[in-house]
Amino acid sequence: MKSFKAILVFLLLLVNLVVAQPSFADPIAKKSPEYLGINQQLDRLLQIRNDPSQGGYTAEDLQKRIADLQFQKYIQESTEDWGVCRNETGKTIGVYAHKPSKYGTPTNTLFYLGAGQKTDDDWDCDGIYLPNDEKVAGINLPAPTASEVEQTAGQQPFVLKIVDGTKLVARTNPITGEVELNAPIAGVIAAGEPNWSIPNLSQAEVSSQVPNAPID
């Protein structure tokens, strides 16, 4: 009887170790090349807040940028997963993702994520594609040049980049029709940036694509 109890206790401990194993994993901050840059930017902006004459920010813009960086730092220090993007817009969207590798970061690839889908957490979702006729809430996009206005009839497409570890959810506001994101972005990337192939597509063209993103 004592042997049976000892075996039972051992099995329970083993199960607990297996279940609790993720808690021993390193946070993404240990692996992400972005973590150092987040801290450097945050330190610089905190110095500017202490001495506003150093920067060209309004008090509101400065505080928002600091809050965004503090949240991004928290994300990287508190999660073990790479970036995950979930599509709750009700239509197909474009996402950029790559398979993390210890041999370096491969070029980001544009995939199409169907409505209600989320990217595989073994992959790293780097951001979402913003078509040339789509609007996003709360994000200031770069103003187009005169030649870009002539070529695109207004807005050019962008990538809204997120930091490693972000669990991004994209939704459509039913009143305004704008895309809404649940987390701050790390930057706005325009066509021509190295390692980013950004086609000039409308939302209708994106919606017509067959979903092919790696999903769970």
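Summary of the structure given here.

Conventions we followed
Residues numbered from 1 in each chain as written. Predicted model: local features only at pLDDT ≥ 70, side-chain atom pairs only at ≥ 80, totals over all residues. Heavy atoms only, no water. 1 Å grid on protein atoms, 1.4 Å probe; cavity = no way out; pocket = protein on both sides within 12 Å on 5 of 7 lines; lining within 4 Å. Points joined across faces, edges and corners; volume = space filled by probe spheres on them. Helix = DSSP H or I, 4+ residues; strand = E, 2+ residues; numbered from the N terminus. Nonpolar A, V, L, I, M, F, W, Y, C, P; charged D, E, K, R; others polar. Pairing = 2+ DSSP bridges. Axes fitted to C-alpha atoms, helices over the stretch in contact; angles between N-to-C directions. Buried < 20%, exposed > 50% of the residue type's maximum accessible area, 1.4 Å probe, protein only. Disulfide = S-S within 2.5 Å.

**Here's the deal with the layout of surface pockets**
Point 1. In this structure, the largest pocket occupies an estimated 450 Å³ of space.
Point 2. Contributing to the lining of the largest pocket are 16 residues, with K64, D68, G138, I139 and N140 lying nearest its centre.
Point 3. Where the lining of the largest pocket is concerned, the elements lending two or more residues are α3 (59–78) and β7 (179–181).
Point 4. When residues in the lining of the largest pocket are grouped by element, the largest group, four residues, is from α3.
Point 5. Among the residues making up the lining of the largest pocket, the classes are represented as nine nonpolar, two polar and five charged.

**Some details on the sheet that holds strand β4 (residues 124–130)**
In a beta sheet, neighbouring strands pair by backbone hydrogen bonds and run either parallel or antiparallel.
Point 1. Pairing within the open sheet is antiparallel, and its five strands lie in the order β3-β2-β4-β5-β8. On the outer flanks of this sheet lie β3 (109–113) and β8 (187–190), each paired with one strand and no other. Shown here is a sheet whose adjacent strand axes are inclined to one another by a mean of 35 degrees, direction ignored.
Point 2. Across four bridges, β4 lies against strand β5 (residues 158–161) in antiparallel orientation. Residue pairing in the sheet places I128 in a bridge with L160 of β5.

**Some thoughts on unusual backbone geometry**
Point 1. A positive phi angle, close to 70 degrees, is found at N195, a residue other than glycine.
Point 2. Of the residues examined, N195 reaches a relative accessible area of 52% and is grouped as exposed.

**Some points on the state of the cysteines**
Point 1. A full pass over the atoms with the stated rule returns one disulfide.
Point 2. For C85, the disulfide goes to C125, at an S-S distance of 2.1 Å. With the S-S dihedral at roughly -90 degrees, the linkage between C85 and C125 falls on the left-handed side. Here the residue C85 occupies a position in strand β1 (residues 84–88), and C125 occupies one in strand β4, the gap between them amounting to 40 residues.

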